[in-house]
Amino acid sequence: MSDGDNMSVTFEKARVNVWHIGGIFFAVATNAALVGVVWNDTKRDIADTQSDVADLQVTVTDIRQQLPQITSLQYQVTRAVEQIAENREGLKQVNIRADRIVESLGGKLDTVIDSVNKLATRVEVINSKLETGQTERTRFNMPVLKR
């Protein structure tokens, strides 16, 4: 390696002209605008999220206020179910009693019908005796005459 092999390194200086400055300014302005848009969108998203959180907090507060009512509502529902069960039992008892009354009336009607039939038979027998001319004496020993 000799001295002739060593070459000096020279750096080329950038040539800056008006177009380069304009391009750099345009790039910086574009980046600034994009950062502004992103910053504005981020601020809007943060505001939307905060309003959503506030709405959720109001909803949670309403729910917490209504939670104590659930216990009383559960009691009322349980009581209503118990009353329905009691009413069903009462209806069963009423049906049993109504069946007994119907059976009893049916038996009494049968007895009345039998008594009426017996009475009709007796009237027919008495009528046939009267038609045949038989006389019966009353308690006063007077004959019953047919007219």
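This text follows the structure it describes.
These notes cover the structure that comes with them. Computed from a predicted structure; not experimentally measured. (Residues numbered from 1 in each chain as written. Predicted model: local features only at pLDDT ≥ 70, side-chain atom pairs only at ≥ 80, totals over all residues. Heavy atoms only, no water.)

Examining a negative patch on the surface
A grouping of Asp 45, Asp 48, Asp 52 and Asp 55 is seen on the molecular surface, where their side chains present a negatively charged patch. As for its placement among the helices and strands, Asp 52 is situated in helix 1 (residues 18-131). Taking the relative accessible area as the measure of exposure, Asp 52 reaches 45% and is therefore partly exposed. (Patch = residues over 30% accessible without salt bridge, like charges linked within 9 Å, V, L, I, M, F, W, Y side chains within 5 Å. Areas by Shrake-Rupley, 256 points an atom, 1.4 Å probe, with all protein chains shown as cover. Salt bridge = Lys/Arg side-chain N within 4 Å of Asp/Glu carboxyl O. Lys, Arg positive; Asp, Glu negative; His and termini not counted. Charge placed at Lys NZ, Arg CZ, Asp CG, Glu CD. Helix = DSSP H or I, 4+ residues; strand = E, 2+ residues; numbered from the N terminus. Buried < 20%, exposed > 50% of the residue type's maximum accessible area, 1.4 Å probe, protein only.)

What about a nonpolar patch on the surface?
Taken together, the side chains of Ile 63, Leu 67 and Ile 70 make up a nonpolar region of the molecular surface, amounting to roughly 250 Å² of accessible area. Position of Leu 67 among the secondary structure elements: in helix 1. Among the residues examined, Leu 67 registers a relative accessible area of 44% and is labelled partly exposed.

Focus: the pattern of salt bridges
Side chains that differ in sign of charge can pair as their charged atoms come close. Going through the model one piece at a time under the given rule, you end up with four salt bridges. Among the ionic pairs, Glu 82 bridges to Arg 79, the shortest N-O distance being 3.2 Å. Highlighted residues: Glu 82 and Arg 79, both in helix 1, separated by three residues, approximately one helical turn. A salt bridge links Lys 92 to Glu 89, with the nearest nitrogen and oxygen atoms 3.9 Å apart. Of this pair, Lys 92 and Glu 89 both sit in helix 1, three residues apart, which is roughly one turn of the helix.

Comments concerning helix 1
At Pro 68, helix 1 shows its maximal kink, close to 35 degrees. Between a side-chain oxygen at the N-terminus of helix 1 and the backbone nitrogen of Trp 19 the separation is 3.1 Å; the capping residue is Asn 17. (Bend = angle between axes of the 7 residues up to and from the residue. Polar contact = N/O pair within 3.5 Å; in protein donor to acceptor, adjacent residues only side chain to side chain.)

So far we have only geometry, and geometry alone does not tell us how the molecule works.
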